[in-house]
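# Survey of secondary and tertiary structure
Listed below are the residues making up each chain.
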Amino acid sequence: MTEIKAPRGVRDILPDESWKWAYVLNHAHAVAGDFGYAEVHLPIFEHTELFSRGIGETTDVVEKEMYTFTDRGDRSLTLRPEATASMVRSYIEHDMAEAGQPVKLWCAGPMFRYERPQKGRYRQFWQLDFEALGSSNPMVDVEIIELSLELFRRLGLTNLEVMVNSVGCPKCRPVYKGRLMAYFGAHLDTLCESCVSRYSRNPLRILDCKNPQCRAVTEDAPGIYDSLCEDCRTHFTSVTDGMTRLGATFHVDKRLVRGLDYYTKTAYEVLSGQLGAQNAVCGGGRYDNLSEAVGGPALPSVGFATGLDRIILVMEEQGCSFGKRPAPLVYMIAQTPAVRTEAQILTASLRRSGLAVEMDYLGRSVKAQFKAASTLGARFAAIIGESEMEKGTVSLKDLESGEQVEVLRHDLAGKIRKLCESN
Ligand code: ATP
Ligand code: MG
């Protein structure tokens, strides 16, 4: 029979890497706590309509990238391509309008998009998603951007570029769309096939195209700023002023529109030069009309999503620290087969006292057990032989200093702790 491999575009995160994921996730938990965002766990699949109405029919995500299937009850369901729409759905479903606004939530988990797999682009990837729901205050936009930047700061990421723009609102965007159509109308023969179809359906999308020829055309496209209504313009200024007050370095990018239709006013992205074509580490912005698009009440909100896979890629390339890889503190060494069961009892008792302990199950020689201890990075070897058995003791060797002491069995955990404290 042929061997079954993982489907294209998905991958296993193995122990060599998973501890790095835990490190980043721990930081996400800490930053979320410091900014007052509570964690939620949302479903991995939702009704297809939530995404088609919420994200927008003319977006790449909805047009080309969704994993949609019919379940046994004939419902059309979709593996979530992003979390914002689910977050809004959850807010509405659980009447969170009753709570103080904004309601600040975050979640972490896999998202699914049918894309062309390459470095930093997968069909299943993880996002950390932070949302502040129920406030139109531009200071909340500033908090959201600052939250993402603080996470990257704590992870030690450098050389990130923050790009900010406004995408207007349903009042002023049509004016801008008209100006874009006038501009792109003269360049239709240079645009790619998708952009030609975007031209009549949603010309803003052309600004987001990754095709180099289209990118060149968009360079001289009109920016949105002159088309913004008073409200959007004031909002944008408040956000950029707020960021400046916090000392954030950012660029206004007139071509930044983001791939999802629901954005209003603020749109931003954090880019890293380290990722080639997959240069977006984080994207977000305000989405004041998403709730209404999925049948909810008016719910002005702002949020961002950042790709965990890409964060880790950049951290690796920049040589950022992931802390210490988890290793046993103690490796239990049985000197003879006769004391192996005793070694297991001792191992269990140390673990019950909260210490990380590993032991051998292959009946290896003492030398091989010492080697395993050092390969795993254990700080101590606890050695039990026939003489220790008789005396009720254990020999404890500090593998860093080479010092060895013999201690009573019931003093072992205490002795290990004391040695750890002393350096
Ligand atoms: P891109 O322009 O690279 O396709 P996007 O604008 O589609 O990104 P968003 O929808 O804003 O991405 O998602 C937020 C973040 O999720 C991105 O900045 C990126 O870090 C990550 N991300 C998006 N798609 C993928 C993917 N297929 N594989 C890995 N990470 C991804
Ligand atoms: Mg994309």
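Position numbers for residues count from 1 along each chain, tracking the sequence in the order it is written. Chain labels run from A onward and ligand labels from 1 onward, assigned in the order the entries are written. In keeping with the predicted nature of the model, local features appear solely for residues at pLDDT of at least 70, side-chain atom pairs appear and are counted solely at 80 or more, and the whole-chain, interface and lining totals rest on all residues. The side-chain quantities take in all heavy atoms of the structure and omit both hydrogens and water.

So, on to the site of ligand 1. Around ligand 1 sit 16 residues, and of these Arg113, Glu115, Arg121, Lys210 and Arg258 come closest. A 3.5 Å cut-off defines polar contacts: any pair of N or O atoms within that distance qualifies, except that in protein one atom must be a possible hydrogen donor and the other a possible acceptor, and neighbouring residues in sequence count only when both atoms are side-chain atoms. Separating an oxygen atom of ligand 1 from a side-chain N or O atom of Lys210 is a distance of 2.6 Å. Calculation of accessible area relied on Shrake-Rupley with a 1.4 Å probe; when residues are assessed, cover is drawn exclusively from the protein chains displayed. Burial of ligand 1 by the protein chains amounts to 92% of its free accessible area of 590 Å². Listed by contribution, the elements that provide at least two residues to the shell around ligand 1 are strand S6 (124-133), strand S10 (280-286) and strand S11 (301-307). A run of H or I in DSSP counts as a helix once it spans at least four residues, and a run of E counts as a strand once it spans at least two, with each numbered from the N terminus. Ranked by residue count, the leading element in the shell around ligand 1 is S10, at 4 residues. As a working rule, the residues Ala, Val, Leu, Ile, Met, Phe, Trp, Tyr, Cys and Pro are called nonpolar, Asp, Glu, Lys and Arg charged, and the rest polar, with Gly in that last group. A breakdown of the residues in the shell around ligand 1 according to their chemical character gives 6 nonpolar, 4 polar and 6 charged. Any residue with a non-hydrogen atom lying within 4 Å of a molecule or strand is treated as near it.

Here the focus is the pairing of strand S9 (residues 264-272). The element S9 is extensively covered by neighbouring structure, given that 9 of its 9 residues are classed as buried. Examined bridge by bridge, strand S7 (residues 160-166) and S9 share 7 bridges and lie antiparallel to one another. Each bridged residue has a counterpart across the sheet, and for Leu160 the counterpart in S9 is Ser272. When accessible area is computed with a 1.4 Å probe and restricted to protein chains, residues below 20% of their type maximum are described as buried, those above 50% as exposed, and intermediate ones as partly exposed. Should DSSP find at least two bridges between two strands, the strands are taken to pair.

Let us look at unusual backbone geometry. Trans peptide bonds make up most of the peptide bonds, and negative phi angles are found at most residues other than glycine. Residue Pro102 is bonded to the preceding Gln101 through a cis peptide linkage, with omega at 0°. Turning to its location among the elements, Pro102 is positioned in the loop between helix H4 (84-93) and strand S5 (103-112). The phi dihedral of Asp74 falls on the positive side, at around 70°, and the residue is not glycine. Inspection of the secondary structure puts Asp74 in the loop between strand S3 (67-70) and strand S4 (76-79). With relative accessibility at 67%, the residue Asp74 sits in the exposed group. Positive phi values are uncommon outside glycine, yet Asn159 reaches one of about 55°. Mapped onto the elements, Asn159 comes out in the loop between helix H5 (138-155) and S7. Judged by relative accessible area, which is 66%, Asn159 ranks as exposed.

With that settled, consider helix H12 (residues 340-352). Multiplying one less than the number of residues by 1.5 Å gives the expected span of a helix. The terminal C-alpha atoms of H12, which comprises 13 residues, lie 18 Å apart, in line with the 18 Å expected from a rise of 1.5 Å per residue. The contact criterion used throughout is that any non-hydrogen atoms of two residues lie within 4.5 Å. Next to the buried residues of H12 lie strand S12 (330-334), strand S13 (357-359), strand S14 (380-384), helix H14 (386-391), strand S15 (393-398) and helix H15 (412-422). Note on H12: the residue one or two positions beyond its end, Gly354, has a positive phi of about 90°.

Time to look at the sheet that holds S12. The strand order S13-S12-S14-S15-S16 describes an open sheet built from 5 strands, whose pairing is mixed. Unpaired on one side and paired on the other, S13 and strand S16 (404-408) mark the two borders of the sheet. Direction aside, the axes of adjacent strands within the sheet are offset by 30° on average. In this structure, S15 lies alongside S16, joined through 5 bridges in antiparallel fashion. If you follow Thr393 over to S16, its bridge partner there is Leu408. Think of each axis as a best-fit line through the C-alpha atoms, taken over the contacting stretch in the case of a helix, with angles from 0 to 180 degrees between the N-to-C directions. Relative to the sheet, H12 contacts S12, S13, S14 and S15, its axis offset from that of S13 by approximately 165°. H15 contacts S12, S14, S15 and S16 of the sheet and is inclined by roughly 15° relative to S15.

Next up on the list: the domain arrangement of the protein. An automatic or database domain assignment supplies the start and end points of every domain. Here the domain parsing of the protein yields domain 1 (15-172 + 228-318) and domain 2 (330-421). Just the C-alpha atoms count here: the centres of domain 1 and domain 2 sit 48 Å apart.

Bringing the sheet that holds S11 into the picture now. Reading across from one edge, S1-S5-S6-S11-S10-S9-S7-S8 is the order of the 8 strands in this open sheet, with mixed pairing throughout. With one partner strand each, in any of the chains shown, strand S1 (38-39) and strand S8 (251-252) form the two edges of the open sheet. Across 5 bridges, S10 lies against S11 in antiparallel orientation. Looking across to S11, one finds that Gly284 is bridged to Phe304. Contacts between helix H1 (residues 15-35) and the sheet are confined to S1, S5 and S6, with S6 contributing the most and set at about 5° to the helix.

This paragraph deals with the packing of H1 against helix H11 (residues 308-317). The geometry of H1 relative to H11 is characterised by a closest axis approach of 11 Å and an angle of 105° between their N-to-C directions. When the interaxial angle is binned, H1 and H11 end up roughly perpendicular. Of the residues in H11, those in contact with Glu17, Lys20, Trp21, Tyr23, Val24 and Leu25 of H1 are Leu308, Asp309, Ile311, Ile312, Met315 and Glu316. A class-by-class count of the residues in the contact of H1 with H11 yields 8 nonpolar, no polar and 4 charged. Our angle categories are set so that under 35 degrees counts as roughly parallel, over 145 as roughly antiparallel, 65 to 115 as roughly perpendicular, and the remainder as oblique.

A separate point is the side chain of Thr59. For Thr59, the position within the fold is in the loop between helix H2 (48-55) and helix H3 (60-65). On the basis of relative accessibility, which here comes to 0%, the residue Thr59 falls in the buried class. In terms of polar contacts, Thr59 uses its side chain to reach the backbone carbonyl oxygen of Gly56, at 2.7 Å.

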